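What the coordinates show
What follows is each chain in one-letter form.
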Amino acid sequence: MAKFLVHVHSGPDNPTNCTLGFLVALTAQREGHNVDLFLAGDGAALIGDAALSSVEGKGTGNLGAHFKALADGGSRFYVSGMSAKARGLGDADLVGKPAEFAMPDVLVGLAANADVVLTY
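Residue numbers run consecutively from 1 along every chain, following the written order of its sequence. With pLDDT at 70 or above as the cut-off, local features in this predicted model cover only qualifying residues; side-chain atom pairs require 80 or more to be listed or tallied, and sums for whole chains, interfaces and linings still use all residues. Hydrogen atoms and water are omitted, and side-chain values are computed over all heavy atoms in the structure.

A few points about the pattern of salt bridges
Take a side-chain nitrogen of Lys or Arg and a carboxyl oxygen of Asp or Glu: if they are within 4 Å of each other, that pair is a salt bridge. The tally for this structure, following the rule as stated, stands at four salt bridges. D49 is the partner of K97 in a salt bridge, and the nearest nitrogen-oxygen pair spans 2.9 Å. Note that K97 is positioned in the loop between α4 (81-86) and β6 (99-102) and D49 in helix α2 (residues 49-54), a separation of 48 residues in sequence. Close ionic contact of E100 with R76 constitutes a salt bridge, the shortest N to O distance being 3.0 Å. Separated by 24 residues along the polypeptide, E100 in strand β6 and R76 in strand β5 (residues 76-80) bring together distant segments of the chain. Secondary structure is summarised from DSSP: a helix means a run of H or I of at least four residues, a strand means a run of E of at least two, and numbering begins at the N terminus for each.

Structure (structure tokens):
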């Protein structure tokens with residue numbers, strides 16, 4: 001079983017790419033791998049309820065459905081604190097979600113400890 005880090009920096013304006021990142025993370029999780037996701041840049045907006053309820057990729061599925069399956073399967077989400085703040089997201093956006101705000105040092109640590117790093 002490998003440790004995957006999926007770094008998503010595409011946001012709601014690129015629904016196919018960001019949902020693809022979540023879909024690949026979910027596929028790895030379903031194959032028994034440990035999966036962490038780091039949402040940064042425009043990808044930080046994906047943790048918000050508005051994105052989770054509306055983003056749909058072409059052929060890559062529904063963001064909210066992927067998020068729920070990842071969360072239910074034990075994946076953890078790290079959200080760039082600086083990116084989130086710049087996009088108007090705060091603590092209320094993380095309530096009830098397996099997510100926390102993190103700085104770049106957390107991304108570096110996750111990448112250093114991962115067997116596989118994928119970026120979307």
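Re the packing of aromatic side chains
Each Phe, Tyr or Trp ring (for Trp, its six-membered ring) is paired with any other whose centre lies within 6.5 Å, and the angle between the two planes then decides the class: stacked below 30 degrees, edge-to-face above 60, tilted in between. On inspection of all chains with the given rule, the structure shows two aromatic pairs. Here F22 and F77 contribute two aromatic rings whose centre-to-centre distance is 5.8 Å and whose plane-to-plane angle is 35 degrees, an arrangement assigned as tilted. Within this pair, whereas F22 is found in helix α1 (residues 15-30), its partner F77 is found in strand β5, the two being separated by 55 residues in sequence. Of the residues examined, F22 reaches a relative accessible area of 1% and is grouped as buried. The buried label applies to any residue whose accessible area, calculated with a 1.4 Å probe on protein chains only, is under 20% of its type's maximum; exposed applies above 50%, and partly exposed to all values in between. According to the relative accessible area criterion, F77 is buried, its value standing at 0%. A ring pair is formed by F67 and F77, whose centres lie 4.7 Å apart and whose planes are at 45 degrees; its orientation type is tilted.

Description of the environment of G59
By secondary structure assignment, the location of G59 is in the loop between β3 (56-57) and β4 (61-62). Of the residues examined, G59 reaches a relative accessible area of 77% and is grouped as exposed. Through-space distance from the C-alpha of G59 to that of T19 is 9.2 Å; in sequence the pair is 40 residues apart.

Comments concerning the pairing of strand β1 (residues 3-8)
When a strand is regular, its side chains alternate between the sheet's two faces. Taken across its six residues, β1 has five buried, putting it largely inside the fold. If DSSP finds at least two bridges between two strands, the strands pair. One ladder, built from four bridges, connects β1 with strand β7 (residues 116-119); its direction is parallel. Of the residues in β7, the one forming a bridge with V6 is L118.

Quick word on the environment of L118
Within the element layout of this structure, L118 appears in strand β7. Judged by its relative accessible area of 24%, L118 is partly exposed. For the pair L118 and N14, spaced 104 residues apart in the sequence, the C-alpha separation amounts to 17 Å. We call two residues in contact whenever any of their non-hydrogen atoms come within 4.5 Å of each other. Apart from the residues lying within four places of it in its own chain, the contact partners of L118 are F4, L5, V6, H7 and V24.

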